[in-house]
Amino acid sequence: MNTSTWQPPLTWRAALLLARGLVGLLARLEVTGDVPAHLRRGPLVLAANHISPFDPLVMAAACQTRGIAPRIMATAGLFRVPLFGAAMRHAGHIRVDRGTSAVHRALDDAATAVARGSVILIYPEGRIGLDPGLWPERGKTGAARLALACGAPVIPVAQWGSHEVLPYQAPRGMLRGIARSLRRRPVIRVHFGTPVDLGETTATNPGAARRATDRIIDALTDTLAPLRPDEPDLPRHVDPGRPVDPSRAHRRRST
């Protein structure tokens with residue numbers, strides 16, 4: 001039995017509490033669903049949709065309400081920011097060097113973290129989504145490969161409303177977005193769904209990671225739909241700085 005179970009540092013737990021306060025200042029956060037008690041300390045993979053630069057704060061705040069301290073797979077650029085990058089490393093977050101050969105190291109680091117009992121938060125789309133309707137895009141296979149390699153359950157976490165706080169091009173337009181949010185305090189909804197049946201037992205079978213990824217994106221889409229019942233096609237809030245790219249639109253698998 002592994003006796004070196006990872007424990008989130010006190011600074012990260014304090015940061016989660018701070019995130020909850022900041023999100024509460026700018027928006028009305030509504031968190032529904034839950035994570036089974038036996039999974040809150042891991043091993044567990046949380047797979048979230050990605051619609052805004054504000055998402056990491058929202059997810060941190062939502063996880064804090066459920067007593068979860070996830071380690072986040074985040075773009076390498078964040079780790080190069082003075083002081084902030086050091087804080088990210090100290091909190092145990094995992095650097096992802098996208099577009100380089102080192103990107104595979106992130107999955108190895110995440111697998112090690114999960115094996116030590118961590119909760120890993122990952123955005124399976126691999127970027128802030130550019131789908132015209134802000135529905136989950138076709139996913140990258142990293143989350144599925146991680147879960148299959150470790151045998152860890154995957155819980156979809158859908159969020160809606162964070163795109164009304166910060167614009168896609170932040171920090172450009174950030175102050176305007178914050179001022180608007182302080183005045184309007186939009187509703188941000190987060191829902192922890194039920195564990196995904198990946199339908200696979202190993203990533204080594206041909207096409208297994210792709211099929212499992214599609215199941216994760218299907219589950220995210222199903223979890224998101226009830227959060228935006230009056231916006232089934234296009235979001236009401238239009239960000240003029242957000243590009244649109246329908247090339248990665250997700251087609252739901254046939255059942």
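Residues numbered from 1 in each chain as written. Predicted model: local features only at pLDDT ≥ 70, side-chain atom pairs only at ≥ 80, totals over all residues. Heavy atoms only, no water.

A. The arrangement of the overall build of the protein chain in detail. From N to C terminus, the protein chain includes eight helices and seven strands. Along the three orthogonal principal directions, the C-alpha set of the protein chain runs to about 50 × 45 × 35 Å. Relative to its 255 residues, the protein chain shows a buried fraction of 49%. The contacts in the protein chain between residues at least 6 apart in sequence include a share of 80% that link residues at least 24 apart. (Helix = DSSP H or I, 4+ residues; strand = E, 2+ residues; numbered from the N terminus. Buried < 20%, exposed > 50% of the residue type's maximum accessible area, 1.4 Å probe, protein only. Contact = heavy atoms within 4.5 Å.)

B. Structural view of the pattern of salt bridges. A full pass over the atoms with the stated rule returns eleven salt bridges. Note that Arg-66 and Asp-34 form a salt bridge whose closest N and O atoms lie 3.7 Å from each other. Within this pair, whereas Arg-66 is found in the loop between helix H2 (55-65) and strand E3 (71-75), its partner Asp-34 is found in the loop between strand E1 (28-33) and strand E2 (44-48), the two being separated by 32 residues in sequence. With a relative accessible area of 19%, Arg-66 lands in the buried category. (Salt bridge = Lys/Arg side-chain N within 4 Å of Asp/Glu carboxyl O.)

C. Spotlight on the nonpolar core. Leu-46, Phe-54, Val-157, Val-190 and Phe-192 are the most contacted members of the largest nonpolar core, which has 36 residues in total. Element by element, the count of residues in this core is highest for H2, at six residues. If we ignore the near neighbours within four places in the chain, the residues touching Phe-54 are Val-23, Leu-26, Ser-162, Val-165, Leu-166 and Ile-188. In this structure, Ala-47, Ala-144, Leu-146 and Ala-219 belong to the second largest nonpolar core, which totals 24 residues. (Core = buried A, V, L, I, M, F, W, Y, C linked by side-chain atoms within 4.5 Å.)

D. Structural context of unusual backbone geometry. Of the consecutive residues Gly-42 and Pro-43, the connecting peptide bond is found in the cis state with omega at -5°. Within the secondary structure layout, Pro-43 lies in the loop between E1 and E2. Residue Pro-171 is bonded to the preceding Ala-170 through a cis peptide linkage, with omega at 15°. With respect to the helices, strands and loops of the structure, Pro-171 is situated in the loop between strand E6 (154-160) and helix H7 (174-184). The phi dihedral of Arg-185 is positive, around 45°, even though this residue is not glycine. Summarising the element assignment, Arg-185 is placed in the loop between H7 and strand E7 (187-192).

E. Quick peek at empty space enclosed by the protein. In total, this model carries one cavity of 30 Å³ or more according to the counting rule given. Computed from the structure, the largest cavity encloses a volume of approximately 40 Å³. Contributing to the lining of the largest cavity are Asn-49, His-50, Ile-51, Glu-125, Gly-129, Leu-130, Asp-131, Leu-134, Trp-135 and Pro-136. Counted by class, the lining of the largest cavity contains five nonpolar, three polar and two charged residues. (1 Å grid on protein atoms, 1.4 Å probe; cavity = no way out; pocket = protein on both sides within 12 Å on 5 of 7 lines; lining within 4 Å. Points joined across faces, edges and corners; volume = space filled by probe spheres on them. Nonpolar A, V, L, I, M, F, W, Y, C, P; charged D, E, K, R; others polar.)

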